[in-house]
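Structure assessment
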Amino acid sequence: MIWKLSLTGIKNRFKDYTVLFSGLVVASMIFYMFLTIAINPAFIKNDIQTSTSYVQFTFGFGIVLLVIISMIYLVYANSFLLSMRKHDYGMYMMLGAKSSKIGLLIFLETLITGILATSAGIILGFGLTTVVAKLLIDKLGLTVTHFSPILPNAVLWTLIFFTLMFLFGALKNARKLVRTPVINLLKDEQKPAEMSLKTGLRSVEAIAGLVLLAIGYYTLSLPAAMILIIIPVALVTIVVGSYFTFNSFFSALIGFLLKRKDFSYRGIRVFTLGQLKFRIHDYTKILTIISLLFALALGAITVGLNFSTLKDQATASTYYDTTIVSSSSAVQEAKKQLHIKHEQTYHYKESKKYLYFKRAEFSANPAKNNEFYVKNDTPAYKTVNLKIADLAKQGTTANNALNSMLPAKHHKPIRLVSQQKWASLKGDKQFVTLLTVKNFQQDYPILLKIEKQQLEESKNYANVYQSSKVGAYQLVMNFSSGFEFMGFFLGFAFLTMLASTLMFKILTGAASDKIRYQMLFEMGTRMSVLRNSIKNEISILFLLPGILGVVDVLFGLQMFRVFLPTPYHNLWIPFAIFIILYVLYYLITVKLYEKIVLKSDSVLNKGE
């Protein structure tokens, strides 16, 4: 009987459950999508070439953040579910239903909704993960070849996590419902809002919030060498500052606008501002959390996409685009396909003890190298000529640079001799040709082909390949592609679930606002004015955490300038995603909120 009632309840309120169900589907789908990256062994091993422990830490940290936001999301989703049925359950209890049976009913409805949504989310996650992965790989030009969209372990852990969370939520809802007096269930929306803190204390808190944020933002701009101070100080000041700002500063700002009669007395602004004043106080915790996690979400996307700038750093670290030591036809034919900008060749002879180079060739065309230095806490490179006098001195920068351009078997002391002396020496005649091309990325496939061909011809070329621009570029491309991929998915997951969380929080309180909007309509307020008031109120609740989260990101990206030369590169991409997603959830929230608070048949008939 209870099973039948729970299924009937879901069926009868299917339209109200649609937003909840769709949100839960998206949550489980995003959770599954990220897990397919985080615990995909083939992807981690082959597409992210770096220390295993570092990768495990990075993905582990991402999973922890995703679990936290998923838990917050599910808490508010369950609250929304309970708020939709409180009045109905109160009526059942008034008619004589036992509280234990009602508790079991809400338990089953919550659990059934959660399991169905999770299952649907995983199934949709298969297709969406495949589509999004392909779009990302094609659009961003990533090198990801071992990513599997269907991963049994990800399916299992998604089911386990969401089932446990819904089981906990169902028990919590049932316990809360059973312990709530019937009169409170029926009249919950009429409970008055409570305001704490006196005006003086609220003013102090508002000023303290702004000061703490300023301290936190200043700390983020300190030199990277102070990272052990930057992270704890910024974390405490920005978190506490954000809380104080939402709890007091924005309330004080709204209070100021309420006192400006020329502004607040136009239309029903005084009502809208009053709603916001009480709401912001009630929403302080969730708005603080959302602003901080939005900053993490935008930061994850921005930093992830900016790993591509490491490719530029890899190309800047080495002056020559390729080194040719082979005269084979395959290498020479590939060389003809390059758009060569500059070419220089040095000839040498190898004896049992030394490598003899022509001094005149270095004098006429000096070998070059890119030297690393730090400018304003930012890594940079400058091109310098290798000192001829140092080429033959072992241990010098010039000697090491020249040795890195020679196959491993040739690591012998270098001697620079005259043309006449060189001609009289016995030994194998060999050469090293150094090339730069007009466009490295355009010629990269051919350059890679040349490097691989020489490596295939002689294993002694391995040390040249490892220190070459092509080798560094390929390594960084594989490394950055994996993290770009992860950063985008993690950020997208955060943005989606956080926007959904705010939507559910707003809709949870919609029932208590219904009577106020109906009273305004009965007093003669036009329906269009009521709808504008709703749009303005909800837009403020969406904008405040969004703006503060954006500011957090703009200052927070400074921490990454040590290993990301341009941390603000392609900033428009995460911001565009943020705006599109936010506007979409804002419009959905407005429509659903209007449906709840303006649902009275009499109101709708009169509005027509």
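A brief look at the structure comes next. Residue positions are given per chain, counted from 1 along the sequence in the order it is written. Given that this is a predicted model, residues contribute local features only at a pLDDT of at least 70 and side-chain atom pairs are listed and counted only at 80 or more, while totals for whole chains, interfaces and linings are drawn from all residues. Side-chain measures here rest on the full set of heavy atoms in the structure, leaving out hydrogens and waters.

Each helix is a run of DSSP H or I of at least 4 residues and each strand a run of E of at least 2, with the numbering of both proceeding from the N terminus. Each helix and strand counted, the chain has 24 helices and seven strands in total. Taking all 608 residues of the chain together, 50% fall into the buried category. It only takes one pair of heavy atoms within 4.5 Å for two residues to be counted as in contact. In the chain, once contacts between residues fewer than 6 apart in sequence are set aside, the share between residues at least 24 apart is 81%. Residue exposure (1.4 Å probe, protein chains only): buried if accessible area is under 20% of the type maximum, exposed if over 50%, otherwise partly exposed.

Another aspect to go through is the sheet that holds strand 1 (residues 322-324). Two strands qualify as a pair provided that DSSP identifies no fewer than 2 bridges between them. The five strands are arranged 1-7-2-3-6 in an open sheet whose pairing can be described as mixed. Every interior strand has two partners, whereas the edge strands, strand 1 and strand 6 (414-417), have only one. Adjacent strand axes in the sheet meet at a mean angle of 30°, parallel and antiparallel pairs treated alike. Across three bridges, strand 1 lies against strand 7 (residues 428-437) in antiparallel orientation. To define axes, lines are fitted to C-alpha atoms, for helices over the stretch in contact only, and angles between the resulting N-to-C directions are given on a 0 to 180 degree scale.

Two distance rules govern patches: like charges are joined within 9 Å, and nonpolar side chains (Val, Leu, Ile, Met, Phe, Trp, Tyr) within 5 Å, applied only to residues with over 30% relative accessible area and no salt bridge. The protein chains shown are the only cover counted for residues, whose accessible areas, like all others here, come from Shrake-Rupley with a 1.4 Å probe. Just to be clear on terms, a salt bridge is a Lys or Arg side-chain nitrogen sitting within 4 Å of an Asp or Glu carboxyl oxygen. Side chains of Leu 156, Trp 157, Ile 160, Leu 164, Leu 167 and Leu 171 sit close together on the surface and give an oily, nonpolar patch of about 570 Å² of accessible area. With respect to the secondary-structure elements, Leu 156 resides in helix 6 (residues 152-179). You can call Leu 156 partly exposed: its relative accessible area is 46%.

Here we take up the pairing of strand 3 (residues 355-358). Of the two faces of strand 3, both are covered, the one formed by Leu 355 and Phe 357 as well as the one formed by Tyr 356 and Lys 358. The pairing of strand 2 (residues 340-350) with strand 3 spans three bridges and is antiparallel. Following the sheet pairing, Tyr 348 is matched in strand 3 by Phe 357. Bridge analysis of strand 3 against strand 6 gives four bridges, and the strand direction is parallel. Residue pairing in the sheet places Phe 357 in a bridge with Leu 416 of strand 6.

Packed helices, taken two at a time, are described by the angle their axes make and the gap between the axes. Here helix 22 (residues 527-556) crosses helix 23 (residues 572-597) at 150°, and the two axes come no closer than 10 Å. Comparing the axis directions of helix 22 and helix 23 gives the class roughly antiparallel. In this structure, helix 22 meets helix 23 at a crossing whose hand is right-handed. From helix 22, Arg 531, Ile 534, Lys 535, Glu 537, Ile 538, Ser 539, Phe 542, Pro 545, Gly 546, Val 550 and Leu 554 reach across to helix 23, where they touch Phe 575, Phe 578, Tyr 582, Tyr 585, Tyr 586, Thr 589, Val 590, Tyr 593, Glu 594 and Val 597. Geometric relationships in this document are graded by angle, where less than 35 degrees denotes roughly parallel, more than 145 denotes roughly antiparallel, 65 to 115 denotes roughly perpendicular, and other angles denote oblique. In this scheme the crossing of two helices becomes right-handed for a clockwise turn of the near helix relative to the far one and left-handed for an anticlockwise turn of less than a right angle.

Looking now at the nonpolar core. Counting 104 residues, the largest nonpolar core has Leu 495 and Tyr 593 as its most contacted members. In terms of residues, this core owes the most to one element, helix 20 (residues 469-508), which gives 16 residues. Nonpolar core, defined: a set of buried Ala, Val, Leu, Ile, Met, Phe, Trp, Tyr and Cys residues in which side-chain atoms within 4.5 Å join the residues together.

In this structure, Met 497 sits in helix 20. Residue Met 497 is classed as buried on the basis of its relative accessible area, which comes to 1%. When the C-alpha atoms of Met 497 and Ile 72 are compared, they prove to be 9.0 Å apart, with 425 residues separating the residues in sequence. With residues near it in sequence (within four places) discarded, Met 497 still touches Ala 27, Ile 30, Leu 66, Ile 69, Ser 70 and Tyr 73.

With that settled, the discussion passes to the environment of Tyr 319. Mapped onto the fold, Tyr 319 is located in the loop between helix 13 (309-317) and strand 1. With 63 residues separating them along the chain, Tyr 319 and Lys 382 place their C-alpha atoms 9.4 Å apart. Ignoring anything within four residues of it in the chain, the contact list for Tyr 319 reads Lys 368, Asn 369, Asn 370, Thr 383, Thr 436 and Lys 469.

Function-wise, these values are silent; they only describe arrangement.
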